[in-house]
Amino acid sequence: SSLLDLAAKKLVYAKETATDWNGRVYTIGDVIGTNLARHCIETLGVWSRLDPGCDIEIIINSPGGDAVSGLALFDFIVELRRRDHAITTHVLGCAASLAGMLLQSGTHRIMGQGAFLLIHEVSAQLGGKIGDIDDTSLFLRKLQTRMVDIFMGRADGKISRSAFIKGCKRKDWWLTADECLKLGFIDEVR
């Protein structure tokens, strides 16, 4: 009985906090951290179980966030695509940093005409012993490779790996929706 009560409470929570429960539209409008990623995964998971193969839209207007949490969400969305869900990722405003990687998780990727995408090298604040810093630096390089792989996997050959790396190396690379379309980072400008 208590498990059923917990499940019912989770369902009510998901319904109350999701942007559009019946339309299967989830909005990410904040920094992506552990709680937001967990909530999004839970909500999309409920939708997937209640309506297998349903279309889902994820609206993004985010400054980015925690890479590990965001990549967990990215992997979950890709898994939903493997389960025959058509996932539309739609940027209104800005998809910065990690949010830009989430944009790439969609089956169909859209940006509003006035929206922006920000791509940059993975960043972190380091502290501690030299060995700790070396270990963290190695991990950050692995995250950087994953980020490049994600964008390259969706660019459909419209930009080379070296040009992509040059674009985001040691700077913030701001792109308009039209530039993103040209480079293969989205499928449509709306």
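The coordinates are above.
In this text, all values refer to a predicted model and were calculated from it rather than measured experimentally.

To continue, consider the overall build of the protein chain. Each helix and strand in the protein chain was counted, giving seven helices and seven strands. Its C-alpha atoms give the protein chain principal-axis dimensions of about 55 × 45 × 25 Å. The contacts of the protein chain with a sequence gap of at least 6 include a subset with a gap of at least 24, amounting to 68%. Accessible area of the protein chain: about 10,100 Å², with a carbon and sulfur share of 54%. Taking the 23 positively charged and 23 negatively charged side chains of the protein chain as two groups, their mean positions are separated by 4 Å.

Tracing the backbone through its elements, the reader meets Ser105 in the loop between helix H4 (98–103) and strand S4 (108–111). Polar contacts involving the side chain of Ser105 include one to the main-chain carbonyl oxygen of Leu102, which spans 2.6 Å. Discounting chain neighbours no more than four positions away, the residues touching Ser105 are Phe74, Ile77, Val78, Arg81, Thr89 and Arg154.

Let us look at the pattern of salt bridges. Within the structure shown, the criterion is met by nine salt bridges. Between Asp75 and Arg146 there is a salt bridge, with its nearest N and O atoms 2.5 Å apart. You can see Asp75 sitting in helix H3 (residues 67–82) and its partner Arg146 sitting in helix H5 (residues 130–154), a full 71 residues away along the chain. Taking the relative accessible area as the measure of exposure, Asp75 reaches 38% and is therefore partly exposed.

In terms of burial, strand S2 (residues 56–62) is largely enclosed, as five of its seven residues are buried. Tracing the backbone out of strand S1 (residues 25–28), into helix H2 (residues 34–50) and back to the parallel element S2 gives a crossover that is right-handed. Crossover connection from S2 via H3 to parallel strand S3 (residues 87–96): handedness right-handed.

The residue Ser48 is located in helix H2 in this model. Each residue touching Ser48, except ones within four places of it in the same chain, is listed here: Leu80, Arg83 and His85.

Calculation notes
- Residues numbered from 1 in each chain as written.
- Predicted model: local features only at pLDDT ≥ 70, side-chain atom pairs only at ≥ 80, totals over all residues.
- Heavy atoms only, no water.
- Helix = DSSP H or I, 4+ residues; strand = E, 2+ residues; numbered from the N terminus.
- Contact = heavy atoms within 4.5 Å.
- Areas by Shrake-Rupley, 256 points an atom, 1.4 Å probe, with all protein chains shown as cover.
- Lys, Arg positive; Asp, Glu negative; His and termini not counted.
- Charge placed at Lys NZ, Arg CZ, Asp CG, Glu CD.
- Polar contact = N/O pair within 3.5 Å; in protein donor to acceptor, adjacent residues only side chain to side chain.
- Salt bridge = Lys/Arg side-chain N within 4 Å of Asp/Glu carboxyl O.
- Buried < 20%, exposed > 50% of the residue type's maximum accessible area, 1.4 Å probe, protein only.
- Right-handed = clockwise from strand over helix to strand, strands pointing away.

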